[in-house]
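# Descriptive analysis of the structure
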Amino acid sequence: MTLTLILIRHAKSSWDDMFSDDHARVLNARGRAAAPSIGAWMATRGYIPQVVLCSDAARTRETAGLILPHLSPQPELRVSSDLYHASPDTMLAEISKQTSPVLALIGHNPGIALLANGLLKRRPSHPRFADYPTCATTVITFDADSWRDAAPNTGTCKDFIMPGDLTG
């Protein structure tokens, strides 16, 4: 069986108030434009998760809210405080509990970048993959029967995109 994992870093957030609560930061105009472009790209490519795991931070929830309307059928959104600035191990533990064959996770750096790097047998040649900019999205496939079998260095990169690739 093939399992597909879509790892999405939240879109660009606002730093207008340097003293605001990090958890409550929302997207800026660039982020609000980027997230729908990723949703449209996912729909065009047929990357439709049944479930989207999402950090409970405002910027990740807002990113999900701008991506999901482009996907049909609409995925189930599961928001979790455990995913807020989660380590790769924490994210992988959440992923391993899932049963849907196509899954997405919207999270934060550095964890999401470290997870994408760690899961792949071979990294994509894209020059921005290593720094995983805002709203960067990696599609990883696994030849596995269960998410419990999705282990480091076992995934194949099917696609990697960032908003700048779509808008020029």
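The paragraphs below set out a description of the structure included in this document. These numbers were taken from a predicted model, which means no experiment stands behind them.

### Side note on the overall build of the protein chain
Along its length, the protein chain carries five helices and six strands. In the protein chain, the succession of helices and strands from N to C terminus is β-α-β-α-β-α-β-α-β-β-α. Here the C-alpha radius of gyration of the protein chain, 15 Å, is about what a compact globule of 168 residues would show, namely 15 Å. Projecting the C-alpha coordinates of the protein chain onto the three principal axes gives extents of approximately 45 × 35 × 30 Å. Split into buried and exposed, the 168 residues of the protein chain put 53% on the buried side. Restricting the contact set of the protein chain to residue pairs at least 6 apart, pairs at least 24 apart contribute 75%.

### With respect to unusual backbone geometry
Cis geometry marks the peptide bond from Ser72 to Pro73; its omega dihedral reads 0°. Its location among the elements puts Pro73 in the loop between α2 (58-67) and β3 (76-80). For the bond running from Asn109 to Pro110, omega is 10°, close enough to zero to count as cis. Phi at Cys135 is positive, roughly 65°, even though this residue is not glycine. Along the polypeptide, Cys135 turns up in the loop between α4 (111-119) and β5 (137-143). Residue class for Cys135 comes out buried when judged on its relative accessible area of 0%.

### Concerning α2
Taken together, the buried positions of α2 are Ala58, Arg59, Thr60, Thr63, Ala64 and Ile67. For α2, the secondary structure elements touched by its buried residues are β1 (2-9), α1 (29-45), β2 (51-55), β3 and β4 (102-107).

### Let's talk about the nonpolar core
Leu7, Tyr132 and Phe142 are the most contacted members of the largest nonpolar core, which totals 27 residues. Listed by contribution, the elements that provide at least two residues to this core are β1, β2, α3 (88-96), β4, α4 and β5. With five residues, the top contributor of residues to this core is α4. In terms of nonpolar packing, the next biggest core, distinct from the first, is built from 23 residues, Leu27, Met42, Val52 and Leu68 among them.

### Looking at the sheet that holds strand β6 (residues 156-161)
Through backbone hydrogen bonds, the strands of a sheet pair up, either in parallel or in antiparallel fashion. Strands sit in the order β3-β2-β4-β1-β5-β6 across an open sheet of six strands; the sheet is mixed. The sheet is open, and its two edges are formed by β3 and β6, each paired on a single side. Between one strand and the next, the sheet's axes are offset by a mean angle of 20°, whatever the strand orientation. Two elements, β5 and β6, share five bridges in a ladder whose sense is antiparallel. Directly across from Ile140, in β6, lies its bridge partner Cys157. Packing of α3 onto the sheet brings it into contact with β1, β2 and β4, and relative to β4 it is tilted by some 150°. Docked against the sheet, α4 engages β1, β4 and β5, running at close to 150° with respect to β1.

### Describing the environment of Cys54
Looking at the secondary structure, you find Cys54 in strand β2. What Cys54 contacts, discounting residues up to four positions off in sequence, is Thr60, Arg61, Ala64, Leu77, Arg78, Val79, Ser80, Leu83 and Ile106.

What counts, and at which threshold
Residues numbered from 1 in each chain as written. Predicted model: local features only at pLDDT ≥ 70, side-chain atom pairs only at ≥ 80, totals over all residues. Heavy atoms only, no water. Helix = DSSP H or I, 4+ residues; strand = E, 2+ residues; numbered from the N terminus. Rg over C-alpha atoms; globule rule 2.2 N^0.38 Å. Buried < 20%, exposed > 50% of the residue type's maximum accessible area, 1.4 Å probe, protein only. Contact = heavy atoms within 4.5 Å. Core = buried A, V, L, I, M, F, W, Y, C linked by side-chain atoms within 4.5 Å. Pairing = 2+ DSSP bridges. Axes fitted to C-alpha atoms, helices over the stretch in contact; angles between N-to-C directions.

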